[in-house]
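Per-entry structural report
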Amino acid sequence: MCEWSMNTTENHVIFDFYMNDRKIETNIKETWVEVSEERLFQNQSKDIWIKAHLENSSCSSPRRSGELRQTVKYRAPQNISGSWSENNLYLTWNAFNGSLAFAEVLFRKQGHSTESWEKRLDTANFTHKENLMPLEHPPEVKMTKKSGEGVRRLTLTWKLEQQTAAFGSVTYILKDTQSSRGCPCKKKEHHTKTTTHTIYVSYSAVNISVIARNEVGYSSPAIIQLPAEPAANLKPCSETLLDKKWSRKTCLQLYELRDEDQRPENVITLMARIKKKERERIRTDIKDYVRYLYFEHSCESGKPKTVHACLFYQKEGAPQREPPDFIAFGETQISAAVSWRAIPVADQRSVLTHYNLCVVKISSQDEQRECFNMSASLREFHLENLTPGTKYNISMAGVTRMGEGPRAFQTINTMPEKSLRGKPQVWFILGSLLGLLLISGTGMCIFKRIRPKILPAVPTPVISDFTTHPAETQEMLQKDEEELHDVMLHQLYPQNKSLPEATEEATVLPGEWDDCSDEGVEKERVDSEGSGEQRSSPASTKQASREEEIQLEQELALLLYRRGLVLDLKMD
């Protein structure tokens, strides 16, 4: 319970109660509000504030931060008495049910009604009975749970911090919020003197408290908070009882799911005994495009049971944002990978059915588009069979049964094919080139070995420029580093021929060595024919033969032997 005060005499002020920027209760006409225990979590810092509305104006209270703790507020003290002693006022009163509790005392000077009240906290005075010790600490409670078929069986065991006879007879009181609110079974609190108890609850959230009591008073409660336990693989609700009638042993609960962990918050409870107008007012608290965990509970044989659970949307739509943190990585020649985070529940606006991933190949001719549908639970996907050295546009969007949401985009470039390593076709190409090199090298070596046999070398003659003067030619030849030898050829005369006959044949020899001797032969023939029948004498014949022999020797002197070759040098 939360209380506040306001300096106003207006009677038509309406209040809204906020906790951590969330509107918990609206249209409050009193200066207090009672918040169900399902919405409260102890030992957690909360910001609490009030917003007041009057016609067209509004104002807000300062925010108060603090941790929620279990406190018990008793009725006003009775039989208050006071006494003065040395300017001190002493007040005494009877404690409620003998409990050790704090009393809030407000005071101010008489006649100063405009001044604010001063506040003091003090403990009530009471008398111990039989010198018993009060229970200052809550019991230490342990719990085991077993779930199945819509029911959770909870076994509680506890003990006091100090077990002593000074506590006297101790009784334990157990309460749970499901039974106290009557959804679906209404039960009174359970009293026991044992230190163990079994309780049955539904799948909705529940708070269980264990309090120890003796004749002196009550201990502070031990609180066990059990959150809602949705069934696995929940599906969207196909139909609900919100617009139908149901039995008095049935109740409905809707838990708002906003965070990624889908922790239930802000429960809305509808029971059959609620009047129609009140039910319609509660229905207005259900928001559009917000996911709720819908429970139907029934009371069977005195035990609460969850008979149906699903994901409920009062109004649905397509996602309002793209998948966050959509990135591409690990690009190779023919593959790449993409990853993303789930679209937040608050942005899905309906139950996400799948993700749609599209890959567009960009080229100069056309754009090839290929799309994939993937499970809504996936967070990573590998693309295969891509083209090396190609640019791709990749996009992704979440899809509900109401349509497709905005897309997230990434652009990748696959690695060029030349950088591909370890692939069979590359090794084949490299092996083929290496084989060709080996074959060509081997062929060149073999050809060099057999070339002298199939293609013998042809020597190139060196021809010097000789003149008609043997002396000058000889000096020129002697300048060469090579060693030259003069060769002279002599004509052998047969024994059976006489000298005139041999001389006569010798006149024909020059024609065989050089064409230049033809002129002498022709001259001789003309002279011979010119003389008619007159024949030369032996003396003249001998002289002519001698001249021819000298001329032949001069011509043969020009035949040189050089590097094993005989070269014929002609005379001009």
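This section reports on the structure supplied with the text. (Residues numbered from 1 in each chain as written. Predicted model: local features only at pLDDT ≥ 70, side-chain atom pairs only at ≥ 80, totals over all residues. Heavy atoms only, no water.)

**Describing the overall build of the protein**
The number of helices and strands found in the protein is 9 helices and 32 strands. Counted over contacts in the protein with a minimum sequence separation of 6, partners at least 24 positions apart contribute 60%. Counting only carbon and sulfur atoms, one obtains 51% of the accessible surface of the protein, whose full area is about 39,200 Å². (Helix = DSSP H or I, 4+ residues; strand = E, 2+ residues; numbered from the N terminus. Contact = heavy atoms within 4.5 Å. Areas by Shrake-Rupley, 256 points an atom, 1.4 Å probe, with all protein chains shown as cover.)

**Some thoughts on the pairing of strand β27 (residues 380-383)**
Alternating positions in β27 separate cleanly, Phe381 and Leu383 being buried on one face and Glu380 and His382 remaining unburied on the opposite face. Bridge count between strand β24 (residues 336-339) and β27: 4 bridges; the pairing is antiparallel. Each residue of the ladder has a partner; that of alanine 337, found in β27, is histidine 382. (Buried < 20%, exposed > 50% of the residue type's maximum accessible area, 1.4 Å probe, protein only. Pairing = 2+ DSSP bridges.)

**So, unusual backbone geometry**
With a phi angle near 55°, asparagine 27 is a residue other than glycine that sits in the positive phi range. Residue placement: asparagine 27 occurs in strand β3 (residues 22-28). Of note, the phi angle at tyrosine 289 is positive, near 60°, even though the residue is not glycine. Along the polypeptide, tyrosine 289 turns up in the loop between α2 (276-283) and β21 (291-300).

**With respect to a nonpolar patch on the surface**
The grouping of Trp427, Phe428, Ile429, Leu430, Leu433 and Leu436 at the surface amounts to a nonpolar patch, some 710 Å² of accessible area in total. Locating phenylalanine 428 in the fold gives a position in helix α4 (residues 424-454). Of the residues examined, phenylalanine 428 reaches a relative accessible area of 60% and is grouped as exposed. (Patch = residues over 30% accessible without salt bridge, like charges linked within 9 Å, V, L, I, M, F, W, Y side chains within 5 Å. Salt bridge = Lys/Arg side-chain N within 4 Å of Asp/Glu carboxyl O.)

**Re a positive patch on the surface**
Positive charge collects at one region of the surface, where Lys146, Arg153, Lys187 and Lys303 lie side by side. By the element assignment, lysine 303 lies in strand β22 (residues 303-312). With a relative accessible area of 35%, lysine 303 lands in the partly exposed category. (Lys, Arg positive; Asp, Glu negative; His and termini not counted. Charge placed at Lys NZ, Arg CZ, Asp CG, Glu CD.)

**Concerning the sheet that holds strand β13 (residues 151-159)**
The 3 strands lie next to each other as β12-β13-β16, forming an open sheet whose pairing is antiparallel. Edge positions in the sheet fall to β12 (140-148) and β16 (196-201), since each of these pairs with one other strand and no more. Strand-to-strand, the axes of this sheet are offset by a mean angle of 20°, without reference to chain direction. Pairing of β12 with β13 involves 9 bridges; the strand directions are antiparallel. Across the sheet, methionine 143 pairs through a bridge with leucine 156, a residue of β13. (Axes fitted to C-alpha atoms, helices over the stretch in contact; angles between N-to-C directions.)

**A short note on the pattern of salt bridges**
Evaluated as defined, the whole model comprises 11 salt bridges. The partner of aspartate 243 in a salt bridge is arginine 283, and the shortest N-O contact between them spans 2.9 Å. Taken as a pair, aspartate 243 in the loop between β18 (222-226) and β19 (250-257) and arginine 283 in helix α2 lie far apart in primary sequence, 40 residues in all. Here aspartate 325 ties to arginine 341 by a salt bridge, and the two come within 2.6 Å at their closest N and O atoms.

**Re the side chain of threonine 171**
Within the fold, threonine 171 resides in strand β14 (residues 171-176). Look past the residues within four positions of threonine 171 in its chain and what remains in contact with it is His191, Thr192, Lys193, Ile211, Ala212 and Arg213.

**Quick notes on the environment of serine 363**
Within the element layout of this structure, serine 363 appears in the loop between β25 (352-362) and β26 (367-375). For serine 363, a relative accessible area of 32% corresponds to the partly exposed category. Between the C-alpha atom of serine 363 and that of threonine 390, which follows or precedes it by 27 residues, the distance is 7.7 Å.

**Description of the state of the cysteines**
Per the stated rule, a full pass over the model turns up 4 disulfides. One disulfide bridge connects cysteine 183 with cysteine 251, the sulfur atoms lying 1.9 Å from each other. Looking down the S-S bond of the cysteine 183 and cysteine 251 bridge, the torsion is 75°, so its handedness is right-handed. You can see cysteine 183 sitting in the loop between α1 (177-181) and β15 (190-192) and its partner cysteine 251 sitting in strand β19, a full 68 residues away along the chain. Residue cysteine 183 is classed as buried on the basis of its relative accessible area of 3%. On the accessibility criterion, cysteine 251 (1% relative accessible area) is buried. At a sulfur-sulfur separation of 1.9 Å, the disulfide partner of cysteine 185 is cysteine 299. Residues cysteine 185 and cysteine 299 share a disulfide whose torsion about the S-S bond is about 120°; that sign makes it right-handed. (Disulfide = S-S within 2.5 Å.)

**A short note on the packing of aromatic side chains**
According to the stated counting rule, one finds 7 aromatic pairs in the structure shown. One cation-aromatic arrangement involves lysine 303 over tyrosine 200; the distance from NZ or CZ to the ring centre is 4.1 Å. (Phe/Tyr/Trp six-rings, centres within 6.5 Å; stacked < 30°, edge-to-face > 60°. Lys NZ or Arg CZ within 6 Å of the ring centre and 35° of its normal.)

**Quick look at the nonpolar core**
Grouped together as the largest cluster of nonpolar side chains are 21 residues, with contacts concentrated most on Phe326, Val338, Trp340, Tyr355 and Leu357. With 4 residues, β25 is the largest single contributor of residues to this core. Beyond its immediate sequence surroundings of up to four residues, valine 338 is in contact with Phe326, Ile327, Ala328, Phe329, Leu357, Arg379, Glu380, Phe381 and Ile394. By size, the runner-up hydrophobic cluster in this structure holds 20 residues, among which are Cys237, Ile274, Ile282 and Cys310. (Core = buried A, V, L, I, M, F, W, Y, C linked by side-chain atoms within 4.5 Å.)

What is shown is where atoms sit, not what they do.
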